[in-house]
Structures are given as structure tokens and as C-alpha cells.
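Residues per chain, in single letters:
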Amino acid sequence: MIHVDNLVKEYKRPVRKEGLFSGIRTLLSRDFAVKRAVDGISFHIEPGELVGYIGPNGAGKSTSIKMLTGILVPTSGRIEVNGLAPHKQRKEYTRQIGVVFGQKTQLWWDVPVIDSLRLLKDIYKVSDAEFKRNMELFSDLLDLHEFQHTPVRQLSLGQRMRADLAGALIHTPRILFLDEPTIGVDVVAKERLRNFIKEINRERKVTVLLTTHDMRDIEKLCTRMMIIDHGQMIYDGSVEQIREKYGRHRTLVVQFEREIPEFSAPNAECLKSVGGKLWFRFDRLATTPSELIAYISARYPIVDLAVEEPEIEDMVRTIYGGSEARGKEA
Amino acid sequence: MRIFWSFARQAFQNTAIYRFDYWLQLVSVFLMMYSVHWIWTSLYSQHPAAFGVNVAQMVTYGILGMALEAIFNPGQGPQTYIATQLKSGGIDTDLAKPLDFHLHMLARNVGEILFRFGTLVLPSALIGGAFLGLQLPASPVAAGLFAVSLLLGYLALFALNFLLGMVAVITLDIRSISWAYSSLVRFFSGQMVPLWLFPGFLGALANVLPFRSIYAIPISIYIGKLNGSAALEALIFQSVWVVALFIVGRLAWSGVHTRLVVQGG
């Protein structure tokens, strides 16, 4: 459904001059610094997939989303979505997709939500029946009826995001692009947005590509994850695989009867010790928790213990860190 | 066509919220109309035959020039919208819509202009007619031609403003250019001083530039200074410029789209 081949976007920026009349000289100069925001990305997304697209700030996520939605024109490479080239057939293409930018709203600031949605209805030429059907769905799943007569500027961020999602789906698109849809929203509202995204992906078979900095969005929603950094794809695969590849380490937390000095076990290092509680980090391929527990309990009496699974967030940090180091070498 | 109407409705709701703003604008138009009325009547009392038309025509010209400001404003329009959207990064949401960008901007602007025409131009014309000596069109034919000319004038201004918006895409900031542009348009469009009073070279220059489509031609037709074949020629002049500027606008947009930088997010 979405095919991206060797996508590149370069930004040209005038080089700032220093010293006397710097402003005017910057304006007149022909020196440009070229920045490659997206540097040769390729991927395919099948219909009905729910893909998480992540990367640190400035990695090139938003730039790629903007090319995928036809807003920016790629420097080189090819994008084909549903047989259309986004920026060339923008009018026809945007009719088939829905877009939410978490940091901005596509709704009219001063007028009630419902008026914005009615204008979108006209823009997308949505029939009355379809509009009615969608509005019922949004009332059911997003409780849109609670605030549809409130002007957008008076909405809470969570409500605004729900209204924006409704706006992006009013024309029943087959593909939904979500650029940081949960940014700044509280935990309860986030959960609600996630449930809604999951629902429309499952029930309506809408293909979803979402960017986020919240790894719980990925854990709760996505089966597939693409990680980008320095404009390049550094991981593309299932969330499970990431766990296997980067999540080999577990942490065993042991509470002892009394305070004891730090010590290491075979194949496990002690990370820290607080008031008789020790944290052991181990590679689950090198040893097993039972071996470790047997070794430790033979030496000191244990009161309580727990095995901590690594958070995706930690794994992603490891991956970002690795790409940072590679970036510096290059 | 429906989309133009939807945008007009939206503009109406959007603007109707700021009522105080509206009354303030109406009062300021009234003050401007009063000033031109006063300037021309006192000038005519000194030199009754120096300005090429009679005092009633000239006062009508001046008052219309002020009343039409609400829709013929070179300082606000698609270019200011584009510049704001570029600055906030909101241009994303405009481009994510299945609308031709050029026509989208036109639809938005037409919506606003229809609203301003109904709520500002018409009331100020009524006030001008009742208290300040604004006369009716020179003839029924002149009234008809005036309406056509007004529409063409609007389209020419939109096209020019849109081109300035294209400059904003490249420079990201047009505040200083915008100021120079506004003064240029106001001067060469004959908003304040009719173009037939311009001396030799300036007059010739004003005659070939597109700006006189905006105030000078429609108002001159209204007061009967331009009539018969001269009026028709003026309409052709306007149409040619509108078509040319729209073509240039479309070319400029397709050229500039590849250079678009979306700030933030």
C-alpha cells in the first residue's frame, strides 16, 4: 500500500554571515549549507498495518511524514501510496488519507468544532449519510458530542486531539498519518486516544503510520516499528524482534534480610545496592534466573525477589545511543 | 463553487466573534471618508476647475476609495495568511487538504471578502451616501460595468497578493517587503489621488502597471469619468492582467513548492 524507495530530502539554508551588515550580506549571499534531513529511506507498508515510526528529535521523522502526505516535495527517491505519487497528485491523494499533526490543529480556532467538521465535509465532498455515520462513530468512541459545540480555543488538549482525529477521519480515509498524536496529553486521555486508534485500525482496516516519543504508544498499538536516526533507517521490524535483539538483559531485584555488601554472581553484575536490596543485571542467554537465585540464596537469606523486564524505552535508548556513536565516527 | 460558499460562511462566523473589532473598523472608515470629503471640498473651493471632474464626482471618488479599502486592502490577504501559516508551521494542514493550493487560498479570501463587503463596504457606502455626498453611479450601464470592474479589480489584487505570498515561502518573512508593497499598490492604484492628476511620466507608468485595476478603473467607471469604449478597454486591460497574474501565480507556486520548508514539529 505504501512504497518508499531511497527517499531523500535536502534543505538548503543560507549560510549566516558574521560581522558588519551581516543581515544584508546573508540575504545577498549565494552560499548555502545543505542539510540532509532524510537520507535514503526505503520501506513498504501493507494494508491494515499499524506501524510506529520513531526516532530522536531531528531524526527526520516529521520530514518523512510531510513527504508521505504530499506536503513536501522529495529531493530524490520515490514514494507511491495506493498507486499515487503524493506531491504530484496531491489533490487526488489527500482525499484518501487522513492526517493529524499533534502540535497543530487543522480546525478553526474561533468556531465550534462542529462548524469546522462541516467545512471539512464540504472540502472532502463527504455525503450527508457518510457524515452522519462518522459523526455517530465519533460520538460513540470519542464522546465528541460532549464538546462539539465548544470553540476549539476553549478545548482541553485531550479534547482538541480527539476533535482533530475526528476531522482527519471525517472522509473515511484508508490511510491515517499521525504525527505525535499523544504529545502533551495526560495518561487517561492518552489511553483513550490509543483505544480509538486501535479500534479504527481493527474495525475499519485503516492503515496507520504514527510517530511518537512515548514508547507505551508503540507497545500498546504497534506490531511493527521503524526507527530512524540521522535521516537513515536504523531498524525496521517487529516489536518482538526488538525485544529479542536488544532486550537480552534482565534485572533480578533481590531483597535480603539485612544489609549486605555488594557482590557479583557468575554471569551477573551488581548494578546498585540500597538498604539490603541489590540489583543484578544478567544476560538471559548466558544464565537463567533460577541458577542465579540458587547461587545467591546459598550465600545470603532472601526475603523477596522480582525479575524486571527491560522497557522498550531502554532498548530504544540503546539503539539511539549506538547510532549516535556511529554518527560521530562518520 | 460550494466550497467558496462554505468558506464565506466560516469567515462570517470567525469574524462575527470579534464585534468590538468590527465597530472600530467601521468608525475608522467613517473618519477616513469624512477626511477626503473635507479635503476635496476645500480644494475645490479654491480651484473649482483644476481637477478634471466636478466636485460631486471627485468627492464620490474619494469616498469610494475609502469605503472599498475593506475589500481592496494590499496589506492583508492571502500573503499574510501564507506568511502566518509558514511561521507557525500550520501550512501543513492547508497542504494536507484535497484542494488546489491557489484556489484554496482564493476560496478562503473570497469568503472573507464577501463578509467584509456585506458588513463594511455596504454600510460605509450607505453612510457616505446619506451624510457625505457619495452619489449614485453615473448611469445604469456604469453601475453594471462598475460591478464587473470591481470583481476584476478584486481578482487582480488577489493575484498580486498571492504572488507576494510566494515570496514569503522563500524568505519566510515579508513584513518589510509587505510595507513597501502596500505603499506601492495604494499609490499606483489611485486610491488617494486619481491617476489622471499624475504628472507625465508617473501617469504613463501608472497606466501600464496592473495596479490601476484595483481602485482607479472601477471608481472612474462609477463616476462616469471612464465611459463608452474607454470603459470597455479598461475592462479588457483588467481581464488581461488578471489572466496573466493568475498564470504567473500558478507557475510560481509549482516552482516554490519544491523549496517549501515547514517549520517546527
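Cut-offs and rules
- Residues numbered from 1 in each chain as written.
- Chains lettered and ligands numbered in written order.
- Predicted model: local features only at pLDDT ≥ 70, side-chain atom pairs only at ≥ 80, totals over all residues.
- Heavy atoms only, no water.
- Helix = DSSP H or I, 4+ residues; strand = E, 2+ residues; numbered from the N terminus.
- Rg over C-alpha atoms; globule rule 2.2 N^0.38 Å.
- Buried < 20%, exposed > 50% of the residue type's maximum accessible area, 1.4 Å probe, protein only.
- Contact = heavy atoms within 4.5 Å.
- Areas by Shrake-Rupley, 256 points an atom, 1.4 Å probe, with all protein chains shown as cover.
- Lys, Arg positive; Asp, Glu negative; His and termini not counted.
- Charge placed at Lys NZ, Arg CZ, Asp CG, Glu CD.
- Pairing = 2+ DSSP bridges.
- Axes fitted to C-alpha atoms, helices over the stretch in contact; angles between N-to-C directions.
- Phe/Tyr/Trp six-rings, centres within 6.5 Å; stacked < 30°, edge-to-face > 60°.
- Lys NZ or Arg CZ within 6 Å of the ring centre and 35° of its normal.
- Buried area = accessible area lost by both parts, 1.4 Å probe.
- Salt bridge = Lys/Arg side-chain N within 4 Å of Asp/Glu carboxyl O.
- Polar contact = N/O pair within 3.5 Å; in protein donor to acceptor, adjacent residues only side chain to side chain.
- Nonpolar A, V, L, I, M, F, W, Y, C, P; charged D, E, K, R; others polar.
- Domains from an automatic or database assignment.
- 1 Å grid on protein atoms, 1.4 Å probe; cavity = no way out; pocket = protein on both sides within 12 Å on 5 of 7 lines; lining within 4 Å.
- Points joined across faces, edges and corners; volume = space filled by probe spheres on them.
- Right-handed = clockwise from strand over helix to strand, strands pointing away.

A word on the overall build of chain B. Along chain B, the regular secondary structure elements total eleven helices and zero strands. In chain B, the order of α-helices and β-strands from amino to carboxyl end is α-α-α-α-α-α-α-α-α-α-α. Here chain B has a C-alpha radius of gyration of 19 Å; the compact-globule value for 265 residues is 18 Å, and the two agree. In terms of overall dimensions, chain B has a C-alpha envelope of 65 × 40 × 35 Å along the principal axes. The 265 residues of chain B split such that 52% are buried. Expressed as a percentage of contacts within chain B between residues at least 6 apart in sequence, the contacts between residues at least 24 apart total 80%. If you sum the accessible surface of chain B, you get close to 11,900 Å²; carbon and sulfur atoms cover 72% of it. For chain B, the separation between the mean place of its 13 positive charges and that of its 8 negative charges on side chains is 2 Å.

Scanning chain A for helices and strands turns up eleven helices and 13 strands. In terms of its C-alpha atoms, chain A occupies a principal-axis envelope of roughly 75 × 60 × 40 Å. The buried share among the 330 residues of chain A stands at 51%. Restricting to contacts in chain A with at least 6 residues of sequence separation, those with at least 24 account for 70%. For chain A, the exposed area adds up to about 15,800 Å²; of that, 49% sits on carbon and sulfur atoms.

Residue and element names in this part refer to chain A. Strand order in this open sheet of six strands is β5-β6-β7-β3-β8-β9, and the pairing throughout is mixed. Two strands lie at the open edges of the sheet, namely β5 (97-101) and β9 (232-238), each paired on one side alone. Neighbour-to-neighbour, the strand axes of this sheet turn through a mean angle of 15°, independent of strand direction. Of the pairings in the sheet, the one linking strand β6 (residues 175-179) to strand β7 (residues 207-211) comprises five bridges and is parallel in character. Bridge assignment links Leu178 to a residue of β7, and that residue is Leu210. The strands touched by helix α6 (residues 157-169) are β5 and β6; relative to β5, the strand with the most contacts, the crossing angle is about 160°.

Quick look at the packing of aromatic side chains now. One pass over the structure, following the stated rule, counts 21 aromatic pairs over all chains. Taking 6.4 Å as the distance between ring centres and 55° as the angle between the ring planes, the aromatic pair formed by Phe256(A) and Phe263(A) counts as tilted. One aromatic cluster is present, formed by Phe101(B), Phe158(B), Phe162(B), Phe246(B) and Trp253(B) through successive ring pairs. Above the ring of Phe101(A), the side-chain terminus of Lys104(A) is found at 5.6 Å from the ring centroid. We note Arg212(B) situated over the ring of Phe237(B); from NZ or CZ to the ring centre the distance is 4.0 Å.

Moving on, we come to the interface of chain A and chain B. The interface is formed by 31 residues belonging to chain A together with 32 residues belonging to chain B. Across the chain A/chain B interface, buried area totals approximately 2,800 Å², and carbon plus sulfur atoms make up 56% of it. Where chain A packs against chain B, one counts three salt bridges. Between Lys104(A) and Asp92(B) there is a salt bridge, with its nearest N and O atoms 2.8 Å apart. Linking chain A to chain B there are eleven residue pairs in polar contact (both at pLDDT 80 or more). At seven residues, the largest contribution of residues to the side of chain A that touches chain B is made by helix α4 (residues 113-123) of chain A. Residues belonging to the side of chain A that touches chain B are distributed by class as follows: twelve nonpolar, seven polar and twelve charged.

Turning next to the domain arrangement of chain A. Interface size is often expressed as the accessible area that is lost when the parts come together. Each assigned domain of chain A is listed here: domain 1 (44-244) and domain 2 (248-309). In this structure, domain 1 of chain A and domain 2 of chain A have C-alpha centres spaced 44 Å apart.

Let us look at the environment of Gln148(A). Residues and elements named next belong to chain A. Relative to the elements of secondary structure, Gln148 occurs in the loop between α5 (128-142) and α6. Along the primary structure Gln148 and Asp115 are separated by 33 residues, whereas in three dimensions their C-alpha atoms are 8.6 Å apart. Not counting residues up to four positions away in its chain, the partners in contact with Gln148 are Pro112, Val113, Ile114 and Met135.

Summed over all chains, the structure comprises three cavities of 30 Å³ or more. Of the pockets and cavities examined, the largest cavity occupies roughly 110 Å³. If you list the elements that add at least two residues to the lining of the largest cavity, you get α6 (101-131) and α7 (140-171) of chain B. When the residues that make up the lining of the largest cavity are grouped by side-chain class, the tally is seven nonpolar, five polar and two charged. Considering only enclosed or pocket space, the second largest cavity measures out at about 80 Å³ in volume. In terms of lining residues, the second largest cavity is bounded by 16 residues, among which Val99(A), Val100(A), Gln106(A), Thr93(B) and Ala96(B) are the most central.

This part covers the pairing of β6(A). Residue and element names in this part refer to chain A. Of all five residues making up β6, five are buried, and the element is well covered by its neighbours. Two elements, β5 and β6, share five bridges in a ladder whose sense is parallel. Among the inter-strand pairings, Val100 is bridged to a residue of β6, identified as Leu178. Note on the crossover from β6 through helix α7 (residues 187-203) to β7: the handedness is right-handed.

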